[in-house]
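# Working through the structure, step by step
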Amino acid sequence: MKVSIIMGSASDADKMEACIHILKDFGAEVTVRALSAHRAHKALEECVNECNENGTDVIITAAGMAAALPGVVASMTVLPVIGVPLKAVAFDGLDALMSIVQMPSGVPVATVAINGGKNAAYLALQIMGIKYPELSEKLKAFRKEQEDACLKTDQDIRERY
């Protein structure tokens, strides 16, 4: 179970920290890189080629502003690519969101919410769960824990009011 996370810059690391921890907590092998599609395109291409050959199951990309990174990565692989639009200064992440979701037909990028690193991790885990049944079982147990917590909260609210 291998996931590669590629961020546009090191400044994106704090926004992707939870994503990395979730993947590792579920037992995924995670590699993390900071490679700009605009400033380091040759190194990015080498990184994606490694993913294509080393058994990587899913690539998660995180970028803000123009957010070309997810689309550029998707153009170099047929592996599932998940884009995480990151909130920057100018447009609160809407610029990145629009850039990532508006991919041309045939080169899709799955897209989560702005700063949605957690859901990128869970989506990657669900994708890998198709191939790794033990991961699917862990996800089912996690969902049951979420349900139980929700029902407990509901019971507490009903008792209070």
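Scope of this entry: the structure provided in the associated data block. (Residues numbered from 1 in each chain as written. Predicted model: local features only at pLDDT ≥ 70, side-chain atom pairs only at ≥ 80, totals over all residues. Heavy atoms only, no water.)

## With respect to the overall build of the protein chain
- Regarding its fold elements, the protein chain presents 6 helices and 5 strands.
- Taken from N to C terminus, the helices and strands of the protein chain fall in the order β-α-β-α-β-α-β-α-β-α-α.
- For the protein chain, the spread of C-alpha atoms along the three principal axes comes to 60 × 40 × 30 Å.
- Out of the 161 residues in the protein chain, the part that is buried amounts to 38%. (Helix = DSSP H or I, 4+ residues; strand = E, 2+ residues; numbered from the N terminus. Buried < 20%, exposed > 50% of the residue type's maximum accessible area, 1.4 Å probe, protein only.)

## As for the sheet that holds strand β3 (residues 58–64)
- If you walk across this open sheet you meet the 5 strands as β2-β1-β3-β4-β5, and the pairing is parallel. Because the sheet does not close on itself, it has two edges, and the strands there are β2 (29–34) and β5 (110–111).
- Seen against the sheet, helix α1 (residues 13–25) touches β1 (2–7), β2, β3 and β4 (81–86) and runs at an angle of roughly 180° to β1.
- Along the sheet face, helix α4 (residues 94–101) touches β3, β4 and β5 and points at about 160° away from the line of β4. (Pairing = 2+ DSSP bridges. Contact = heavy atoms within 4.5 Å. Axes fitted to C-alpha atoms, helices over the stretch in contact; angles between N-to-C directions.)

Remember, this is a structural readout, not a statement about activity or role.
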